There are 2 protein chains.
Amino acid sequence: MKSYKCSMQGFGKFVSFSFVILISCSLAAAHTHPLDPLSAGELLLVRTVLINASIMNPTDNIIATLEVEEPEKLVVKAWNPGKELPPRKALGLSDYEPFQKSLAKRGLPFSETVLLPLPSGWFGVPEDKGKRLSNVQFLYANGTVNFFMRPINGIFAIVDLDEKRVHKYRDIYDEEIPLPSEKGTDYRLEAQEPPLLQPLNIISTEQPNGPSFTVNDHIVIFRIQIRQDPSELWFFKTYMDEGEYGLGLNTASLQPLNDCPRNAHYLDAVLPSASGFPVVKSNCICLFERYARDVAWRHTETLAPHVNTVTEARPKVTLVVRMVTTLGNYDYQVDWEFQSDGLIRVAVGMSGMIQTKATKSTSTKYEEGNVHSDSLHGVLVSENLVGVIHDHFFSFRLDLDIDGPKNSFLTSELKRRRIHCVYGIPRKSYWDTEKHVAQTEADARIQLSLAQPSEFFVINSEKTTRLGNPVGYKLVPSATAASLLDPDDFPEIRAAFIKNQIWVTQYHKDERYAGGEFVYQSHGDETLSVWSSKNRSIANEDIVLWYTLGFHHVPVQEDFPIMPMVSSSFELKPANFFERNPVLKAQPNKVADFDAYFGEVQSNSEE
Amino acid sequence: MKSYKCSMQGFGKFVSFSFVILISCSLAAAHTHPLDPLSAGELLLVRTVLINASIMNPTDNIIATLEVEEPEKLVVKAWNPGKELPPRKALGLSDYEPFQKSLAKRGLPFSETVLLPLPSGWFGVPEDKGKRLSNVQFLYANGTVNFFMRPINGIFAIVDLDEKRVHKYRDIYDEEIPLPSEKGTDYRLEAQEPPLLQPLNIISTEQPNGPSFTVNDHIVIFRIQIRQDPSELWFFKTYMDEGEYGLGLNTASLQPLNDCPRNAHYLDAVLPSASGFPVVKSNCICLFERYARDVAWRHTETLAPHVNTVTEARPKVTLVVRMVTTLGNYDYQVDWEFQSDGLIRVAVGMSGMIQTKATKSTSTKYEEGNVHSDSLHGVLVSENLVGVIHDHFFSFRLDLDIDGPKNSFLTSELKRRRIHCVYGIPRKSYWDTEKHVAQTEADARIQLSLAQPSEFFVINSEKTTRLGNPVGYKLVPSATAASLLDPDDFPEIRAAFIKNQIWVTQYHKDERYAGGEFVYQSHGDETLSVWSSKNRSIANEDIVLWYTLGFHHVPVQEDFPIMPMVSSSFELKPANFFERNPVLKAQPNKVADFDAYFGEVQSNSEE
C-alpha cells in the first residue's frame, strides 16, 4: 500500500463490508472539481489496494457500491477553480444494512467511524469451530485523531475472515450512553492550547567521535497478550498480538531525537506485505550507547594503611537496541541493553492509548471505608469514559547456549534454617542455599514467590571456573505480574504460557511461539504449556529458557488521553561465567578529555 | 581529623587497644632522619587525634606505648640526607597481649593489619546486657588497599566502647586456613596490569545552556541492615549502619565525571564530628538532569480518517539527586529521581567490596543433580576466599502529605472472579479490584505477593478529582526481598521492620528510625514494629508510609575483587492526583535546535 501513497480507514484487512480509501496520490491531481466521479485510474487503484490488503481476491465479486465520497457542502462551496482540491475519498460498501441502521440510529456518519479488528480466537462456542473470526470495535473520530477515547457503545460484530462476510451482528443500543467528548484528547503538538509546558534547556548525549559500536543484526522474539474485562462486548478482547497483527508489520518508524537520541544509528526493515510484496520501513530499529549516569562499580577507601583516601569509580555506558511496535492503541517499546560487564537487560515500555469503554457515568461513587468492586470493570478516566482494567503479558524465548549447546537449568533455593542451641551462637535462624538441577521440563515450571525465593541459572554443567563453580548466566526477574485467570478459561488455555513466569524446554526448531503458530484457530494444542507437558529431559541438553513478563494495568486519570510510559525489565546476568569482575580494568573518565571536546564545565564541581 | 591531614588505621573510634597514625602533615618535615623519635608536636597531634576520634577522653590514661614506627630496614637504608623522609607513623598500644600473640603466631606485623568495627547489638547474652559492645574484624593489608579480600581467620574480639577495653577475646587458630592471596585484588587504575580495557569513545550529557533546575535542599532518610551467616565468628554481623556508623558522616565525596555527569551540580555537607567539631565534606550530593533516552509518552497512529500517519513522542528528562555513602566495604548509592509527570523514583545501588571470609578450600565441590547446601555459607570467589551470602534491607520513611496532612492508606486488591454460565459469555473467569481503606496500623502491615496482588495508595479521602476519584499517590514496588529470619531471632527482633515490605503508622515526631534511636542498646523496644503494634488509627490522619527495600545477595566470582553495582528501586506515582496526563503539553525535541548547538549528526537517521 505504501507504494500507492494511500491510507485506509480501519484495518481494511478485517473489514469486509465497508471501507474508505483516501486518495492523496498524484491521481487526484487530474481532477478539475471536488465532485468529479472516480476516474478509471482511481477505481483500479482502489481495487488494487483492496486486493493487496487482501480484503478481496482478484476473483471476488463483493463490491456493491464504489463511489467518490462527497466532501462536506461547505468545503465544496468554499472551493473555486484553480484552488487545490480537497482530499478525495473512495467510499465502498458491500452494503451491510444492519450496520448502516445502527449508525443512522445514532446519527453518526459512516465516514467518521473507525473500525478496529479485535481478533477473537477460540472461546469454546460450537458454531465458531474452525472459523477464522474477527471481532470489530467501532470508534467515532469526527475530527480527532484520538478516536480511541470515543468508543461507540453497543454495536457488536464478528466477521468471518475466510468467508469475507459478517458472521454475527448485534446492536444493544442504550441511548443513555453518549459518545464520550473528544475535548482535549488530541495529543498532537499542534492541537495543544497554549500555554505549552516550558521546554527544558537543551540536553543531549554527545559523541564527537561517533559511537563505539559497529552494527550487526539482532533478533527480538516475543509475544504479547492483553486481557480485558469479560462482559458480552468485551470478553473476546484477549489478543495474541504478534500472531494476530504481526509485530514486524506494525513496527513503527522511530522518530529521531524523541524515540532515540542524537547519537543513535537507525536500521530499516524489509517486511512482507499481506499480498507478499516487500515493504521497506525506515528507522524500525535504533542502536545507541546509553549514558544514564549509572556507575559500573565504585569504592571509597579511608582505612588503607599508609595510603590517603582512595576513590575509584567507573561510569557505565551500555549499548541499547530499540524497536517500537504500535498495535492499534498501544505502543510497545522493547529495549535490549548490553552492558560491558556481560549483563543483558531486556526492558519493555508501554505507552499510547489505554483501552476504553463508553459509560453513562460521569462520576465515580466513592465511599470512605470499604468500597465494593465497582461495576465498571475499570476506572472513570473522563466523563462517560472508562479505562478498562487489563493485563499485558510478554513471553521471551531465550535460547541461551552457555559455552556450548549442552546446558542445564539450576535452581538455587534460599532456605530458612533453624539453629538449635549451639554453644556460643545465640542466633536462632539463618538462611542458606540449596541447589537443584532440573532433570525434566516439569522441574522447571516456576512461579516466583517473595516468601520462598530462589535464584535461577542456565549453566554449562560440563564447564566450571578454575574454582569449580559451574559456568552460567542468571535470570534476574524484576517487577512482573502473574495471571489471575482460571486454568479452564479459554484465554488461559490458549495462552497457558502466562501460568508460569519461567519455563524451560528442550530445544526444538519448530517450538518458536509460546502461543503457537496459528493463534486464530488455536485451541491451546500447540503451545509452550503443551510442549512442557511432554516432560522431556532438560539436564545437559540444548534447552530454551522462557520468561513471562507481566503487567496488571488499572488505569488512572493520568493515563488520559495518552498514557505516560510504564516499563519493566528482566536481566540475564553472568554468574561465574567470568573468573572475576570483567570490567575491573575499565578506565575512568578524565575531565581534561571532556573539556577538550565540550569546553570547561560551568559548575561548582571540585576536581 | 581532616584538619590534621592525618589518617588512622581501622575505625580508631572503636579500636581501644592499638592504633597507628600516619603523620603526613607539615610536622613531619621538621625531621632530619627516618628514625627520629616523635617530636612534642607529633605527640600532641596524636593525642588530639585520639581525643577527637573519641578513642580517649582528655582525662584518660590508657596509652601504654607511643612511639615512632620504624620504617622497613630497606627503606631506611635506601634513604640519604636531603632525600624526602618516608612516611612517619606513630604506633600506640594499650598493650593488649593476646592480640599481639595472635599476630605473632601468624607471623603478621601489626602495622599491616586493619581493624574493622562490626557493631554487635543485643543477642540475648546476659553478661552483655546494657553494654555498648563492638566486634572487631581483623584484615591484613600488606600493601594492598583491598584488604577486604584478606580476612585474618580465627581472631575474635569484642571491645566495650564505654569501658574502652577488650570485653571478650578468642583465637581459634587453624593453620590450614591461609591468608587469601592479594593478587589482582587492587582495583585502583594504576594497579591494573596492561592491557586495560579499550576506552569507549567520548560520550557526554551536554547542556550548553546549563541545567533547567535551581538548587534547593532535599533530605533522604533511610536505614540499612546487612546480615551474614551465623557461625560463631559471624553471627553478630547484623549491622544497623545508619545508627552504628552514621550515613551522614560516611558520605563519600562524589567524583565528578565518574560518580555524576558533567552537567551535575554539587553540594557540600557540614557534618558533626564525633568530638562535635563541624566537618565540611565536599561534593556530598550531586544534582543533575538525567537524559537516559526514555520516552515520556508516544503514539503512532495510522488509522485516523483523513489524516496521514501521526507520530508523536516526547523525550523524558528527569532530575536526579544523588548521594553515595561508604560503610566499610560497601558503597551505597541513593538516587531520588523526579519526573516531570510527577512520578518520584527512589533507587538504591550497591557496589564496593563483598563481605569475605577466609577458608581452606580452593575449589568448590559441585555435583551434577542435587547439590546439598554447601558448608561455606557462601560462594568461593577466589582461592581461600568465600563471598558470604547476606541480605541488605533499606527502610524508607515516607511522610507523604497528599493535598494536606490528613491522609488515608487505600489498598486495592486484584481479585480473581469466577463466571457461572452467563448467556453469551463463554469466559470462565476475570479479575476485578476490591478497595479497602486501612482503619488502623494493623490493617497496613503488608507482605507483597505475586499470586495475590494489590495496589497501594496514600489518598486524601476528603479530596477527589472532578470525576470523584480520590486524589492520591501510588506506591509501586519493584524487585525486593523479604526477611528469611525467624521472628524470635535477635536481629529480627531489633530490625523487625524487615518483616513487612509496607507499614503505615500515625505520624509522631519522635518516630523517625525504623530501628529505633539507640541501636547498640536496642532490644527492639522502640522500633517501627512496636509503634505499629499500638494499632493507632490511620484513617484520615497524618500518616507515615514505610517501605522496606530488600536484596538477597549470593555472591558470584564476578563480584571479586570489587562488585559491579546492583540496584533496585521503587516509585511514588501520581494516581488520580492530576485530572489528566500532566505532560500532554510537553514539547518534542527539534532537530534544528540540537544541530545549532552540536552540529549536524553523522548518522543515517532519516528526519
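Given the structure is predicted, the values throughout are model-derived calculations rather than measurements.

How each quantity is defined
- Residues numbered from 1 in each chain as written.
- Chains lettered and ligands numbered in written order.
- Predicted model: local features only at pLDDT ≥ 70, side-chain atom pairs only at ≥ 80, totals over all residues.
- Heavy atoms only, no water.
- Helix = DSSP H or I, 4+ residues; strand = E, 2+ residues; numbered from the N terminus.
- Buried < 20%, exposed > 50% of the residue type's maximum accessible area, 1.4 Å probe, protein only.
- Contact = heavy atoms within 4.5 Å.
- Areas by Shrake-Rupley, 256 points an atom, 1.4 Å probe, with all protein chains shown as cover.
- Buried area = accessible area lost by both parts, 1.4 Å probe.
- Polar contact = N/O pair within 3.5 Å; in protein donor to acceptor, adjacent residues only side chain to side chain.
- Pairing = 2+ DSSP bridges.
- Least-squares fit on C-alpha atoms with pLDDT ≥ 70 in both.
- Axes fitted to C-alpha atoms, helices over the stretch in contact; angles between N-to-C directions.
- Phe/Tyr/Trp six-rings, centres within 6.5 Å; stacked < 30°, edge-to-face > 60°.
- Salt bridge = Lys/Arg side-chain N within 4 Å of Asp/Glu carboxyl O.
- Expected span 1.5 Å × (residues − 1).
- Arc of directions from axis to C-beta.
- Disulfide = S-S within 2.5 Å.
- UniProt positions renumbered as here; feature names shortened; annotations may be inferred.

Trainee: Tell me about the overall build of chain A, residues and numbers included.
Mentor: Looking only at helices and strands, chain A has eight helices and 27 strands in total. Every one of the 607 residues in chain A was classed for burial, and the buried ones make up 60%. Taking as baseline every contact in chain A between residues at least 6 positions apart, the subset at least 24 positions apart corresponds to 68%. Of the roughly 23,400 Å² of accessible surface on chain A, a fraction of 53% belongs to carbon and sulfur atoms.

Trainee: Could you give an account of the interface of chain A and chain B, with specific residues and numbers?
Mentor: Taken together, the 220 residues of chain A in the interface contact 220 residues of chain B. Contact between chain A and chain B buries roughly 18,700 Å² in total, counting both sides, with carbon and sulfur atoms accounting for 55%. Counting across the chain A and chain B interface gives 93 residue pairs in polar contact (both at pLDDT 80 or more). It is strand S13 (residues 278-301) of chain A that contributes the most residues to the side of chain A that touches chain B, 16 residues altogether. Inspection of the sheet shows strand S9 (residues 204-206) of chain A paired to strand S9 (residues 204-206) of chain B by three bridges, in the antiparallel sense. Across the sheet, Ser204(A) pairs through a bridge with Glu206(B), a residue of S9(B).

Trainee: I'd like a rundown of the relation of the copies chain A and chain B, residues and numbers included.
Mentor: With an RMSD of 0.1 Å, chain A superimposes on chain B once it is rotated by 180° and translated 0.0 Å along the axis. On the angle and the small slide along the axis, the relation comes out as a two-fold axis. Both copies contact each other with a shared surface, as 100% of the interface residues of chain A are interface residues in chain B too.

Trainee: So what's going on with the sheet that holds strand S18 (residues 378-382) of chain B? Residues and values would help.
Mentor: Hydrogen bonding along the main chain pairs the strands of a sheet, whether they run parallel or antiparallel. Residues and elements named next belong to chain B. Pairing is antiparallel in the open sheet, where three strands are placed in the order S17-S19-S18. Bordering the open sheet on either side are strand S17 (356-358) and S18, each of which pairs with just one other strand. Neighbour-to-neighbour, the strand axes of this sheet turn through a mean angle of 40°, independent of strand direction. With four bridges joining them, S18 and strand S19 (residues 385-388) adopt antiparallel strand pairing. Each residue of the ladder has a partner; that of valine 379, found in S19, is glycine 387.

Trainee: A description of the packing of aromatic side chains should follow, citing residues and the corresponding values.
Mentor: Here the structure, examined in full by the defined rule, presents 28 aromatic pairs over all chains. An angle of 75° between the planes, with centres 5.1 Å apart, marks the rings of Tyr473(B) and Phe577(B) as edge-to-face. Residue Tyr473(B) is located in strand S24 (residues 470-477), and its partner Phe577(B) is located in the loop between strand S27 (563-575) and helix H8 (591-598); the two are separated by 104 residues in the primary sequence. Residue class for Phe577(B) comes out partly exposed when judged on its relative accessible area of 28%. A centroid spacing of 4.8 Å and a plane angle of 50° characterise the contact between Tyr547(B) and Phe570(B), whose relative ring orientation is tilted. Placement of Tyr547(B) in strand S26 (residues 541-553) and of Phe570(B) in strand S27 is noted, with a sequence separation of 23 residues between them. For Tyr547(B), a relative accessible area of 0% corresponds to the buried category. Taken together, the ring pairs connect Tyr330(A), Tyr332(A), Phe394(A) and Phe551(A) into an aromatic cluster.

Trainee: Kindly report on unusual backbone geometry, identifying the contributing residues and their values.
Mentor: Cis rather than trans, the peptide bond between Pro194(A) and Pro195(A) has omega equal to 0°. Position of Pro195(A) among the secondary structure elements: in the loop between strand S8 (165-171) and S9. Of note, the bond from Phe560(B) into Pro561(B) is cis; its omega dihedral lies within 30 degrees of zero at 0°. Looking at where Pro561(B) falls in the secondary structure, it is placed in the loop between S26 and S27. Even without a glycine there, the phi angle at Asn384(A) is positive, about 60°.

Trainee: Go over the pattern of salt bridges with me, naming the residues and quoting the values.
Mentor: Taken as a whole and assessed by the stated rule, the structure comprises 54 salt bridges over all chains. The salt bridge partner of Arg345(B) is Glu337(B), with a shortest N-O separation of 2.6 Å. Using a relative accessible area of 6% as the deciding quantity, one classes Glu337(B) as buried. One salt bridge connects Arg417(B) with Glu434(B), and the closest N-O pair in it is separated by 3.4 Å. Of the two residues, Arg417(B) is situated in strand S21 (residues 406-418) and Glu434(B) in strand S22 (residues 429-437); the sequence distance between them amounts to 17 residues. Here Glu434(B) falls in the partly exposed class, since its relative accessible area comes to 29%. Beyond isolated ion pairs, a larger network of salt bridges with shared partners links Arg290(A), Arg322(A), Asp335(A), Glu337(A), Arg345(A) and Asp294(B).

Trainee: How would you sum up the pairing of strand S6 (residues 133-140) of chain A? Please name residues and give values.
Mentor: Residue and element names in this part refer to chain A. The buried fraction of S6 is high, at eight of eight residues. Burial of S6 is two-sided: the residues Leu133, Asn135, Gln137 and Leu139 facing one way and the residues Ser134, Val136, Phe138 and Tyr140 facing the other way are all buried. As paired elements, S6 and strand S7 (residues 155-160) share four bridges and run antiparallel to each other. Opposite valine 136, over in S7, you have alanine 157 as the bridge partner.

Trainee: I'd like a description of the environment of Glu517(B), backed by residues and values.
Mentor: All names here are of chain B. Here glutamate 517 lies in the loop between strand S25 (502-506) and helix H7 (528-533). Glutamate 517 sits 67 residues away from leucine 450 along the chain, and the two C-alpha atoms are 34 Å apart. What glutamate 517 contacts, discounting residues up to four positions off in sequence, is Asp510 and Arg512.

Trainee: Lay out helix H2 (residues 40-52) of chain B in plain terms, naming residues and giving numbers.
Mentor: All names here are of chain B. Here H2 is 13 residues long and its end C-alpha atoms lie 18 Å apart, about the 18 Å a rise of 1.5 Å per residue gives. Within the sequence span of H2, burial applies to Glu42, Leu45, Val46, Val49, Leu50 and Asn52. Viewed end-on, H2 has its buried residues packed into an arc of 165°, placing them on one side of the element. Across H2 from its buried face, at more than 90 degrees, point the exposed residues Ala40 and Leu44.

Trainee: Describe the state of the cysteines, listing the residues and the values that go with them.
Mentor: Residues and elements named next belong to chain A. Scanning the model with the defined rule gives two disulfides over all chains in all. A sulfur-sulfur distance of 2.2 Å marks the disulfide that ties cysteine 260 to cysteine 286. Sign of the S-S torsion, about -85° for the bond between cysteine 260 and cysteine 286, identifies this disulfide as left-handed. A residue pair is termed long-range when its members are at least 10 positions apart, and cysteine 260 in the loop between helix H5 (241-244) and strand S12 (265-272) and cysteine 286 in strand S13 qualify at 26 residues. No difference in accessibility class separates cysteine 260 from cysteine 286, as the two residues are buried. Between cysteine 284, a free cysteine, and cysteine 286, which holds the nearest cysteine sulfur, the sulfur-to-sulfur gap is 11 Å. For cysteine 284, a relative accessible area of 1% puts it in the buried group.

Trainee: Describe the sheet that holds strand S17 (residues 356-358) of chain A, and please don't skip the residues or the numbers.
Mentor: All names here are of chain A. Within the open sheet, the three strands sit side by side as S17-S19-S18. Their pairing is antiparallel. The open sheet has two edge strands with one neighbour each: S17 and strand S18 (378-382). With direction set aside, neighbouring strand axes in the sheet form an average angle of 40°. Both S17 and strand S19 (residues 385-388) contribute to a ladder of three bridges, which runs antiparallel. Residue pairing across strands places lysine 357 opposite valine 386, the latter belonging to S19.

Trainee: Could you give me a rundown of the UniProt feature "modified residue: 2',4',5'-topaquinone" (unreviewed entry) in chain A, with the residues and numbers involved?
Mentor: Under the UniProt annotation, "modified residue: 2',4',5'-topaquinone" (unreviewed entry) lies at Tyr330(A). By secondary structure assignment, the location of Tyr330(A) is in strand S15 (residues 330-338).

Trainee: Talk me through the environment of Ser212(B); I want residue IDs and the actual numbers.
Mentor: Residue and element names in this part refer to chain B. Along the chain, the position of serine 212 falls in the loop between S9 and strand S10 (222-227). Among the residues examined, serine 212 registers a relative accessible area of 31% and is labelled partly exposed. Spatially, the C-alpha atom of serine 212 lies 9.4 Å from that of phenylalanine 288, the residues being 76 residues apart in sequence.

Trainee: How would you summarise helix H4 (residues 97-106) of chain B if you had to cite specific residues and measurements?
Mentor: Residue and element names in this part refer to chain B. Turning to H4, its buried residues number three or more, namely Phe99, Ser102, Leu103 and Arg106. One side of H4 carries all its buried residues, which in axial view fall inside an arc of 95°. Relative to its buried face, H4 has exposed residues pointing more than 90 degrees away, namely Lys101 and Ala104. Among the residues trailing H4, glycine 107 stands out with phi positive, at a value near 65°.

Trainee: Summarise the environment of Thr251(A); cite the residues concerned and give the values.
Mentor: Residue and element names in this part refer to chain A. Here threonine 251 lies in the loop between H5 and S12. Residue classification places threonine 251 among the buried positions, given a relative accessible area of 5%. Leave out the neighbours within four places in its chain, and threonine 251 touches Lys281, Cys284, Met323, Val324 and Thr325.

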